[in-house]
Amino acid sequence: MSAKPESSPVFATATLEAWTKAATKSAPGGNVDALNWITPDGITVKPLYTAADLKGLQYSDTLPGFEPYLRGPQATMYAVRPWTIRQYAGFSTAEESNAFYRKALAAGGQGVSVAFDLATHRGYDSDHPRVTGDVGKAGVAIDSVEDMKILFDQIPLDKVSVSMTMNGAVLPVLAGYVIAAEEQGVPQDKLSGTIQNDILKEFMVRNTYIFPPEPSMRIIGDIIEYTAKNMPKFNSISISGYHMQEAGANQALEMAFTLADGKEYVKTALAKGMDVDEFAGRLSFFWAVGMNFYLEIAKMRAARLLWCRIMKEFDPKNPKSLMLRTHSQTSGWSLTEQDPYNNVVRTTIEAMAAVFGGTQSLHTNSFDEAIALPTEFSARIARNTQLIIQEETHITNVVDPWAGSYMMEKLTQDMADAAWAIIEEVDAMGGMTKAVDSGWAKLKIEAAAAEKQARIDSGKDVIVGVNKYKLAKEDAIEILEVDNVKVRESQIARLNDIKKKRDAAQVQQALEAITKIADSGQGNLLDAAVKAIRARATVGEISDAMEKVFGRHRADTQKVTGVYAAAYDSAEGWDKLKKEIADFADEEGRRPRVMIAKLGQDGHDRGAKVVATAFADLGFDVDIGSLFQTPEECARQAVENDVHAVGVSTLAAGHKTLVPAILKALKEQGADDIIVFVGGVIPRQDYDFLYEAGVKGIYGPGTPIPASAKDVLEQIRKARA
């Protein structure tokens, strides 16, 4: 006969003191504190958490679907409806992208997420001379509603939600989507999806802006107003932290700056005379999910808590106005060119963090995106990663599985506290627009990026296959390559055809109306853009109509100093290289001078800024070229500044067009003694092409910056011998 429960033997409960004593025996140097992990956000993560860590936590025992929504915006979350599987894609022509979307939807995708090329982002038509290397690269080329109609051909826009990553040229692109749907027979009030429309983060990190901050914020207000009235199922803005983390921000910075941006957009809409409950329920967010597994889950839970706190300030009456709903995307920056199949594992781990954090939709990156655009093969693996989590794991059966975890509840509060301190700092500056205008926010992110890269280059942070467990030989993998010249020619042919067939007087009248509204401040710019697109005005023409009044934004170029060197810790190789650079200065009478350049419309400048910072810390004189230079402009600046070398940073696949062009421009200006090196996302299949063109060094993702700096110094010495 079994013993009664109350008389059964019980385990003695060990005390925290006893655990500390036991742990001390195996801790490095007998110091238990050495087991603590200090995150990049400055948060201490302990090896052990107990119930004592929950004391004083106000929100450790809440329910999903209720304030403060820490555990999820819906009561049942994935138990009733899993997150939406999205495939963020766009490449080459509208025809190619449409074929990809239709295959993805047939294979289990549940929404379309559109990536546009950089020419479109920056409001240029494909025939503009500044975008010769950008058309159809890193996204789909869209010049008019005719392109947009092809993009969504046979995709029922009343049934399929569409997410569009667009900020600079947001008015003509959103208008093109509206008219494409209209001509498909779908009225505006049936459209569902999201337009990113988050311009503040563009001034901080991604740089696909067109107009200065003030008129850009006005455009956002007009879009929120128009969609609230005409497109009730459509999210008028996706407030994005994704690009901040991709540019180097840690999780606390990403969350704080994103929520502060959201607060600024709410104020902008209220200034239009709108009631907060008219639009707040259609605001959405967009997070990056990287390899910092615990912090990513905590970040998403903490963000819902803080957004609820922020929105309370505006006294909404509808509970939906307090909810933070989000799309998430696995990190592109964490993907490695080296040993790329490891990226399948990285993306899976990041997808799990997004799901455990309670995302409403998710895009999983393909394993080859550190090398080139994803192939159909790699995109299928990325999509199936989500399908397997949804269909095979039973993770979806439990709402907020991490709830009640001593560690996760404490970490959620720690993340909230760290982010809130930054938000208060932003508020003290007068809000996010002023924090962005001052350059402070951008420099905070760039400092975090430089510190992270130094930790990787010095081996403190391990990246498998890059700085540890490296392959002796890397096998080439199949990549997708876009023929930029062919795409541009086809786009120009379609543009010419549209302009021949349209009513030119009607188009001119519609464009003049846009300019008048921009100048007077009276009327809604999106409404005017819809009318212009219906008349077959182009993306470039509509952007030009506003540029006459608003002008084009020109960013100040700044760099942080000292951060990389401090994090690298002055290792032996570092000090030796600094001496070699100092010796060069003694021999030549000046320090080696390099110019770090971004060519074309690629505004992703994380790599360029980190390299500039590290080279400067080593002792180089460093110039940073302005964004969006043509090769000819870059060459002219290099000659005027009397540099020894130009380093081209490329992420948008335009290197085969733009790098030969800079070499040609230098030669034409009698400066072919200036060496050119290239860094960024460059398939190894393209290395020989670039070397034959005259490039002296190519440094792909994962190359330690001190190694590239040493090589550049040697190449400069050879050129001067």
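Please read these numbers as outputs of a predicted model, since none were measured by experiment. (Residues numbered from 1 in each chain as written. Predicted model: local features only at pLDDT ≥ 70, side-chain atom pairs only at ≥ 80, totals over all residues. Heavy atoms only, no water.)

**Some points on the sheet that holds strand β16 (residues 697-699)**
Spatially, 5 strands are ordered β13-β12-β14-β15-β16 in an open sheet, and the strand pairing comes out parallel. Where the open sheet ends on each side, the last strands, each with one partner, are β13 (621-624) and β16. For this sheet the average axis-to-axis angle between neighbouring strands, irrespective of direction, equals 20°. Sheet topology places strand β12 (residues 593-597) next to β13; 4 bridges connect them, and they run parallel. Residue Val594 lies in a different strand from β13, and its bridge partner there is Val622. (Pairing = 2+ DSSP bridges. Helix = DSSP H or I, 4+ residues; strand = E, 2+ residues; numbered from the N terminus. Axes fitted to C-alpha atoms, helices over the stretch in contact; angles between N-to-C directions.)

**Topic: the packing of aromatic side chains**
A complete count under the given rule lists 24 aromatic pairs for this structure. Aromatic pair Tyr78 and Trp83: ring centres 5.0 Å apart, planes at 70°, arrangement edge-to-face. Of the two residues, Tyr78 and Trp83, neither departs from the other in class, the shared state being buried. An aromatic cluster is built from Phe293, Tyr294, Phe356 and Trp402, whose rings are joined through pairwise contacts. (Phe/Tyr/Trp six-rings, centres within 6.5 Å; stacked < 30°, edge-to-face > 60°. Buried < 20%, exposed > 50% of the residue type's maximum accessible area, 1.4 Å probe, protein only.)

**Notes on the pairing of strand β9 (residues 283-289)**
Across the 7 residues of β9, 7 count as buried, placing the element largely inside the fold. Covered by surrounding structure in β9 are Leu283, Phe285, Trp287 and Val289 together with Ser284, Phe286 and Ala288, the residues of both alternating faces. Here strand β8 (residues 237-240) runs beside β9; their pairing, made up of 4 bridges, is parallel. In the strand pairing of β9, Ile239 is matched with Phe285. In this region the chain leaves β9, passes through helix α11 (residues 293-312) and returns to the parallel neighbour strand β10 (residues 326-330); the handedness of that crossover is right-handed. (Right-handed = clockwise from strand over helix to strand, strands pointing away.)

**So, the environment of Glu588**
Positionally, Glu588 belongs in helix α22 (residues 572-588). Residue Glu588 is classed as partly exposed on the basis of its relative accessible area, which comes to 35%. Sequence-wise, Glu588 and Ala303 are 285 residues apart; in three dimensions their C-alpha atoms are separated by 54 Å.

**Considering helix α16 (residues 440-457)**
End to end, α16 covers 26 Å across 18 residues, agreeing with the expected 26 Å (1.5 Å per residue, within 8%). Where α16 is concerned, the buried positions are Ala441, Lys442, Ile445, Glu446, Ala448, Ala449, Ala450, Gln453, Ala454, Ile456 and Asp457. Where α16 ends, the next residue or the one after it, Gly459, has phi of about 85°, a positive value. (Expected span 1.5 Å × (residues − 1).)

**Topic: the side chain of Gln251**
Tracing the sequence through the fold places Gln251 in helix α9 (residues 251-271). Setting aside residues no more than four positions away along its own chain, Gln251 makes contact with Asp41, Gln245, Asn292, Leu295, Glu296, Lys299 and Met415. (Contact = heavy atoms within 4.5 Å.)

**Here's the deal with helix α13 (residues 376-392)**
Under the 1.5 Å per step criterion, the end-to-end length of α13 is 23 Å for 17 residues, consistent within 8% with the ideal 24 Å. For α13, every residue scored as buried is listed here: Ser378, Ala379, Ala382, Arg383, Thr385, Gln386, Leu387, Ile389 and Gln390.

**Quick look at the pattern of salt bridges**
Once their charged atoms are close, side chains differing in charge can pair, the charge on each being opposite to the other. Tallied over the full model, the rule gives 49 salt bridges. A salt bridge links Glu580 to Lys710; its shortest N-O distance comes to 3.2 Å. Taken together, the residues Glu580 in helix α22 and Lys710 in helix α27 (residues 705-720) connect sequence positions 130 residues apart. Given the relative accessible area of 33%, Lys710 is considered partly exposed. Residue Glu588 is joined to Arg720 by a salt bridge in which the shortest nitrogen-to-oxygen separation is 3.1 Å. With Glu588 in helix α22 and Arg720 in helix α27, this residue pair connects regions lying 132 residues apart in the sequence. The network of salt bridges with common partners includes Arg71, Arg301, Asp400 and Glu409. (Salt bridge = Lys/Arg side-chain N within 4 Å of Asp/Glu carboxyl O.)

**Looking at the nonpolar core**
Residues Met204, Met255, Phe257, Leu259, Phe279, Trp307 and Met432 are the most contacted members of the largest nonpolar core, which totals 87 residues. Here this core gets 12 residues from one element, more than from any other, and that element is α11. Filtering out sequence-adjacent residues up to four positions away, Leu259 remains in contact with Phe285, Trp287, Ala303, Leu306, Trp307, Ile310, Leu324 and Ile423. By size, the runner-up hydrophobic cluster in this structure holds 70 residues, among which are Phe152, Ile179, Leu191 and Ala529. (Core = buried A, V, L, I, M, F, W, Y, C linked by side-chain atoms within 4.5 Å.)

**Quick notes on the side chain of Thr93**
Looking at the secondary structure, you find Thr93 in the loop between β3 (84-89) and α2 (94-106). Filtering out sequence-adjacent residues up to four positions away, Thr93 remains in contact with Val140, Val487 and Ser490.

**As for the environment of Glu96**
As for its position among the elements, Glu96 is in helix α2. Exposure remark for Glu96: the relative accessible area of 44% places this residue in the partly exposed category. In the structure, Glu96 is positioned 71 residues away from Lys25 in sequence and 62 Å away in space, judged by C-alpha atoms.

**Considering unusual backbone geometry**
As a rule of thumb, non-glycine residues mostly have phi less than zero, and peptide bonds are mostly trans rather than cis. Of note, the bond from Glu67 into Pro68 is cis; its omega dihedral lies within 30 degrees of zero at 5°. On the secondary structure map, Pro68 appears in the loop between β2 (44-45) and β3. Even without glycine at this site, Gln154 takes up a positive phi of about 65°. Among the secondary structure elements, Gln154 is positioned in the loop between α4 (145-151) and β5 (162-165). The backbone of Asp315 shows a phi angle near 55°, a positive value even though the residue is not glycine.

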